[in-house]
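What follows is each chain in one-letter form.
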Amino acid sequence: QVKFVDRTFNSNKKFAMQIIQHLIKNDNGITNFHFEVEAILLDDEIIALLSSARKGLFQLEIGVQTTNEKTLLAVNRRNDYKWLSFCVKKLKDAENIHLHLDLIAGLPLEDYESFVSSFNAVNELLPHQLQLGFLKILKGSDMEQMCKEYKIEYSPYPPYEVLSTGCLSYTEIITLKGVEDIVEVYYNTNRFHNSIKYLRNYFDNWFALYHKIYEYKTEKGVDSLVHNKQLAYTFLLEFAKNSIENFPDDDFKHILKLDFLLHEKPRSSPEWAFENELSKNDIYDLVVKQNNISQLLPGYDIQDKKALIKIIHVEKFKVNPLNSENKPAILLFDYRCRDLWGNASAILLE
C-alpha cells in the first residue's frame, strides 16, 4: 500500500484526476493507493473516474469528524453531510473502492449525545472501516488556542490526547474508548460483517449495540478480544445469548459460522461451530461431482487433490446462511476470490 500524505488529496481536482488517471493506466494489479479526501470537493466526474478502477486499487479516507454543525463551525470545517452520504453511497455502489470514514471525539461543543448521533449517522453508511479517533492538541495549532474557551483538558504527554472538555467528561471519554475497542474488533476487522448486522436488529441503533457489548465485556472481566480470534466469536455468541431476551442462538450460530469461514480457511474451530465436519475426501468428491466445476473454480487443477483442498473449504450448514432458507446447505468457500470486506467467495453446492 502506498499512502499519499496530503490531508486533502482532492483540493486541486485537476491535479488529483491526473494522478488517478496515471495510476489506473499503470496499474500493476497488486499495489493499492490510499488518499485522504474531502467529501464536499467530490463530484460526479471524479467519482466516475475512481469507480472505473480495478477493485482494490484505491482506498479512500473521508474525514467526517462530526455531523454537529455548531462543532464544525467552531473548528472552521465545511461539511455537507447530505452530500457526503450521497458520495459514499455512490462509491460503495461501484464495489471497487475500500472506504474509511473518520470520527473525532472531544471536539468543541460536542457532548456525549451529539457524538452518539454522529456515530450512528456514519455507521448507517456501512463504510468498510469506521475509525473512532480522539482529539489531539498539537503545540502551536489553532486548537491549542481554543482550549481555554472550550475548557479542553488534554494530556501533557504525546500524543497530547483530550481528557475532557466543557461538554464531554473524562468518564464519558473512557466509555467512548471502550466502545472504540469493540468497534475495532467487531467492525473494523471485517470478520463479523454478517453477525454484527444481524445483532443490530435487536438494538435501537449501532451505538447501543456496541455499548452493550462493551458493558458485557467489562462485567465479565474480559481483558482483550484482539489477539484471540476464536474467543472473539465465542464471546459474541455468549453476549447475544445472555443479553438479548429470547435470542435465537441456534440461528445466530449459522451466521457466526459463516463469518468465521468467509474470512479464512480454518485450522481449528470453536466447538459450537462445526458439528458436521467433512473429511478431505468428502470435500474432494463433492467438488468434482459438480458439472460446472470449471466455472466454480476457474484455473484450479481438480486432479491435484492436495492442492485443491489447500485453497478451498466445504462446510455443511443445517440452515442456509446465505438466504436464511430453512433447509440444509453445503457451501464451498473459495479463498482466492475476496470482496472488499476481505471475505472469500461462498458458493452453494447443495
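Our structure is the block above this text.
To keep things clear, this report deals only with the structure shown in the data block. (Residues numbered from 1 in each chain as written. Predicted model: local features only at pLDDT ≥ 70, side-chain atom pairs only at ≥ 80, totals over all residues. Heavy atoms only, no water.)

## Structural notes on the sheet that holds strand β2 (residues 33-37)
Strand pairing in a sheet relies on backbone hydrogen bonds. The paired strands run either parallel or antiparallel. Strand order in this open sheet of 5 strands is β1-β2-β3-β4-β5, and the pairing throughout is parallel. Two strands close off the open sheet at either side, each with one partner strand: β1 (2-3) and β5 (129-134). Relative to β5, strand β4 (residues 97-105) is paired through 6 bridges, and the arrangement is parallel. The partner of His100 across the bridge, within β5, is Gln129. (Pairing = 2+ DSSP bridges. Helix = DSSP H or I, 4+ residues; strand = E, 2+ residues; numbered from the N terminus.)

## Quick notes on the packing of helix α9 (residues 206-220) against helix α10 (residues 229-243)
Angle between the axes and distance between the axes: these two values describe a pair of packed helices. With their axes 11 Å apart at the nearest point, α9 and α10 run at an angle of 100° to one another. The angle between α9 and α10 falls in the class roughly perpendicular. Of α10, the residues touching α9 (which contributes Leu209, Lys212, Ile213, Tyr216 and Lys217) are Phe235, Leu236, Glu238, Phe239, Asn242 and Ser243. Tallied by class, residues from the contact of α9 with α10 come to 6 nonpolar, 2 polar and 3 charged. (Axes fitted to C-alpha atoms, helices over the stretch in contact; angles between N-to-C directions. Parallel < 35°, antiparallel > 145°, perpendicular 65-115°, else oblique. Contact = heavy atoms within 4.5 Å. Nonpolar A, V, L, I, M, F, W, Y, C, P; charged D, E, K, R; others polar.)

## As for a nonpolar patch on the surface
A surface patch of nonpolar side chains, amounting to about 270 Å² of accessible area, comprises Leu163, Tyr170 and Ile174. Note on placement: Leu163 falls in strand β7 (residues 162-164). Assessed through its relative accessible area of 34%, Leu163 is described here as partly exposed. (Patch = residues over 30% accessible without salt bridge, like charges linked within 9 Å, V, L, I, M, F, W, Y side chains within 5 Å. Areas by Shrake-Rupley, 256 points an atom, 1.4 Å probe, with all protein chains shown as cover. Salt bridge = Lys/Arg side-chain N within 4 Å of Asp/Glu carboxyl O. Buried < 20%, exposed > 50% of the residue type's maximum accessible area, 1.4 Å probe, protein only.)

## As for the layout of surface pockets
Each pocket or cavity is described by its volume, and for the largest pocket that value is around 930 Å³. Its residues assigned to classes, the lining of the largest pocket comprises 13 nonpolar, 8 polar and 10 charged. (1 Å grid on protein atoms, 1.4 Å probe; cavity = no way out; pocket = protein on both sides within 12 Å on 5 of 7 lines; lining within 4 Å. Points joined across faces, edges and corners; volume = space filled by probe spheres on them.)

## So, the sheet that holds strand β9 (residues 329-338)
Reading across the sheet, the 3 strands line up as β8-β9-β10 and stay open at both edges, with antiparallel pairing between neighbours. Looking at strand neighbours, the two that pair on one side only are β8 (312-317) and β10 (344-348), the edges of this open sheet. In this sheet, adjacent strand axes meet at a mean angle of 30° when their direction is disregarded. As paired strands, β8 and β9 are joined by 6 bridges and run antiparallel to one another. Its bridge partner lying in β9, Lys316 is registered against Ile330. Across the sheet, helix α11 (residues 249-263) touches β8, β9 and β10, and the angle it forms with β9 is around 35°.

## Some thoughts on the packing of helix α8 (residues 193-200) against α9
Orientation of α8 relative to α9, taken along the N-to-C sense of each, is 105°, at an axis distance of 9 Å. Taken together, the axis directions place α8 and α9 in an arrangement best described as roughly perpendicular. Of α9, the residues touching α8 (which contributes Ile196, Lys197, Leu199 and Arg200) are Trp206, Leu209, Tyr210 and Ile213. Taken together, the residues that form the contact of α8 with α9 break down as 6 nonpolar, no polar and 2 charged.

## Quick notes on the state of the cysteines
Tallying each qualifying case throughout the model produces 0 disulfides. Here Cys147 is not cross-linked by a disulfide; its sulfur's nearest cysteine counterpart is in Cys167, at 13 Å. A residue is classified by how much of its surface remains accessible, and Cys147, at 9% relative accessible area, is buried. (Disulfide = S-S within 2.5 Å.)

Everything listed here is a matter of coordinates, which is why it stays silent on function.
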